[in-house]
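Architecture and fold: a report
Chain by chain, the residues run as shown.
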Amino acid sequence: MDLSCTPEEEEFRARLREWLAKVLPTLPAKPSPDDWPGRRAHDLGWQRMLYDAGYADVHWDASPTRRLIFLEETEKAGAPYVGANFVGLLHAGPTIAAEGTPEQRARWLPPILRGEEVWCQGFSEPGAGSDLAALRTRAWRDGDDYVVTGSKIWTSHAEVADWCELLVRTDPEAPRHRGITWLALPMDADGITVRPLRTLAGSAEFAEVFLDEVRVPAAHRVGAENDGWRVTMVTLSFERGTAFVGEVVACRRTLGELARTAQENGRWDDPVLRRRLGRLDAEFRALWRLTQWNVSEAEASGGVPGTGGSVFKLRYSHARQELYDTAADVLGPDALDLDRPWVLDRLSSLSYTIAAGTSQIQRNIVAERILGLPKGR
């Protein structure tokens with residue numbers, strides 16, 4: 001498989017690098033992690049700059065290869081992360097682009113691209129654990145609306161979101177995977193309560209969301225009623241396929257910084273540490289090649305990543321944890337100082353084998369859909 005870029009794609013890379021070098025020094029300072037209104041304004045402002053420069057469409061209207069180049073170059077340049085725009089740009093937006101009606105695409109995609117609206121993800125529930133199909137948030141049809149009652153947890157950016165990609169159960173009598181519907185929920189609707197959750201790292205980008213007979217127009221349903229599981233698999237394929245691309249680049253940069261720090265503080269003399277760093281270097285190089293392969297596969301299949309995204313997500317989650325465990329070895333006693341580089345990253349890395357589908361779920365997907373093994377009973 002040819003993983004090289006075309007001359008047109010390399011021209012896009014060069015143009016993007018030139019633009020980033022010009023605009024990044026002009027950006028305002030990033031707000032405090034606890035200042036969510038400020039973070040929202042900062043992240044939306046960056047997205048507006050991308051829109052005005054003609055780069056906002058890379059997340060769904062551009063080819064997967066061009067999207068990969070964009071994510072690689074912005075991370076290398078130290079550009080702002082998508083932040084509060086994460087769900088809209090990398091989950092809900094691509095799903096609506098792939099599954100929405102022309103009217104839905106016209107209503108929701110331009111505001112995401114222009115940096116005007118923030119989305120959150122209402123998938124996980126307190127009683128379902130990693131079994132997404134066990135969700136119990138109920139929705140029933142009442143005229144032109146669905147009436148929704150239930151609760152969600154680990155809802156990313158709910159406290160500053162305008163919309164929520166929401167999974168609900170519309171047919172409780174159907175088999176678990178066939179009674180689910182994907183809705184776009186306006187977060188200013190009556191009956192919604194948001195309660196922020198603080199993580200181990202001290203941040204509060206997640207929240208509990210309680211829904212008490214919230215009315216959602218039926219026109220906000222993406223896909224057919226009770227076909228939400230299939231639509232959700234499209235969402236998750238983007239989440240596992242390309243959403244972590246920038247993080248792989250960041251991990252490779254961190255690895256180089258760890259090696260330099262180890263040489264400066266004397267830890268480089270430990271041959272076991274050097275072997276760990278060398279193995280991680282090979283690991284992240286392989287993950288980058290796997291990312292390119294997944295992008296090439298998506299290019300050939302209409303732009304939606306395939307099951308290779310689960311292979312990537314499974315291995316990347318563990319490699320990231322190993323990277324920051326190694327960072328703790330390099331830092332020594334300073335690994336307990338929350339103000340030191342990589343310490344908070346180590347705490348947040350603990351969630352990666354749970355977020356975006358647990359490692360156990362990813363192993364099941366790989367076993368059943370790639371290796372063809374029978375489903376467990």
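Residues numbered from 1 in each chain as written. Predicted model: local features only at pLDDT ≥ 70, side-chain atom pairs only at ≥ 80, totals over all residues. Heavy atoms only, no water.

1. As for the overall build of the protein chain
Tallying secondary structure elements over the protein chain gives eleven helices and eight strands in all. Put simply, the protein chain has 377 residues, and 51% of those count as buried. (Helix = DSSP H or I, 4+ residues; strand = E, 2+ residues; numbered from the N terminus. Buried < 20%, exposed > 50% of the residue type's maximum accessible area, 1.4 Å probe, protein only.)

2. Structural notes on the side chain of threonine 181
Counting through the fold element by element, threonine 181 comes out in strand E5 (residues 180–186). Among the polar contacts made by the side chain of threonine 181, one reaches the side chain of threonine 170 at a distance of 2.6 Å. (Polar contact = N/O pair within 3.5 Å; in protein donor to acceptor, adjacent residues only side chain to side chain.)

3. Let's talk about the state of the cysteines
Following the criterion strictly, the structure yields zero disulfides and no others. Take cysteine 120: it sits in no disulfide, and the sulfur closest to it among the cysteines is that of cysteine 164, at 3.7 Å. (Disulfide = S-S within 2.5 Å.)

4. Looking at the pattern of salt bridges
Think of it this way: side chains of opposite charge can pair up when their charged atoms draw near. This structure, assessed with the given rule, holds 25 salt bridges. Across the pair glutamate 117 and arginine 107 runs a salt bridge whose closest N-O atoms are separated by 3.1 Å. Pair noted here: glutamate 117 is in the loop between helix H5 (102–113) and strand E1 (119–122) and arginine 107 is in helix H5, with a separation of ten residues, a long-range link. Accessibility expressed as a relative area gives 15% for glutamate 117, which makes it buried. Under the relative-accessibility criterion, arginine 107 is labelled partly exposed at 35%. Glutamate 322 is the salt-bridge partner of arginine 315, the closest N and O atoms lying 3.0 Å from each other. The exposure class of glutamate 322 is partly exposed, given its relative accessible area of 24%. (Salt bridge = Lys/Arg side-chain N within 4 Å of Asp/Glu carboxyl O.)

5. Side note on the nonpolar core
Ranked by size, the top nonpolar core spans 42 residues in total, and within it Trp19, Trp46, Phe70, Phe284 and Leu323 carry the most contacts. When residues of this core are traced back to their parent elements, those giving at least two are helix H1 (7–23), helix H2 (36–53), helix H3 (64–76), helix H7 (245–265), helix H8 (271–300) and helix H9 (308–331). Ranked by the residues each element gives to this core, the list is headed by H9, at nine residues. If sequence neighbours within four positions are ignored, leucine 323 has contacts with Cys251, Thr254, Leu255, Leu258, Leu280 and Phe284. Phe86, Leu167, Ile180 and Val222 belong to the second largest nonpolar core, which has 28 residues in total. (Core = buried A, V, L, I, M, F, W, Y, C linked by side-chain atoms within 4.5 Å. Contact = heavy atoms within 4.5 Å.)

6. Notes on H7
Taking 1.5 Å per residue as the helical rise, H7 with its 21 residues ought to reach 30 Å, and the 31 Å between its terminal C-alpha atoms agrees with that figure. Immediately beyond the C-terminal end of H7, within one or two residues, lies glycine 266, with a positive phi of roughly 90°. (Expected span 1.5 Å × (residues − 1).)

7. Some points on unusual backbone geometry
For glutamate 213, which is not glycine, the phi dihedral falls at a positive 50°. Despite not being glycine, asparagine 226 shows a phi value in the positive range, around 70°. Inspection of the secondary structure puts asparagine 226 in the loop between strand E8 (221–222) and helix H6 (228–241).

8. Some points on the pairing of E5
Most of E5 is tucked away: seven of the seven residues are buried. Judged by which residues are buried, E5 turns out to be covered on both faces: Ile180, Trp182, Ala184 and Pro186 on one side and Thr181, Leu183 and Leu185 on the other are all buried. By the bridge criterion, seven bridges tie strand E4 (residues 163–169) to E5 in an arrangement that is antiparallel. Opposite leucine 167, over in E5, you have tryptophan 182 as the bridge partner. Judged from the two bridges that link them, E5 and E8 form a sheet pairing that is antiparallel. Residue pairing for E8: tryptophan 182 is matched across the bridge by valine 222. (Pairing = 2+ DSSP bridges.)

9. A few points about the packing of aromatic side chains
Inspection of the entire model under this criterion finds eight aromatic pairs. Taking 5.9 Å as the distance between ring centres and 90° as the angle between the ring planes, the aromatic pair formed by tryptophan 108 and tryptophan 119 counts as edge-to-face. Within this pair, whereas tryptophan 108 is found in helix H5, its partner tryptophan 119 is found in strand E1, the two being separated by eleven residues in sequence. In this structure tryptophan 108 comes out as buried when scored by relative accessible area, which is 2%. You can call tryptophan 119 buried: its relative accessible area is 0%. Both rings, one in tryptophan 119 and one in tryptophan 163, keep their centres 5.9 Å apart while their planes meet at 25°; by these two values the pair is stacked. Placement of tryptophan 119 in strand E1 and of tryptophan 163 in strand E4 is noted, with a sequence separation of 44 residues between them. Taken together, the aromatic side chains of Phe12, Trp19, Trp46 and Tyr55 make up a single cluster linked through ring pairs. Geometry around tryptophan 36 places arginine 39 over its ring, the cationic atom sitting 4.0 Å from the centre. (Phe/Tyr/Trp six-rings, centres within 6.5 Å; stacked < 30°, edge-to-face > 60°. Lys NZ or Arg CZ within 6 Å of the ring centre and 35° of its normal.)

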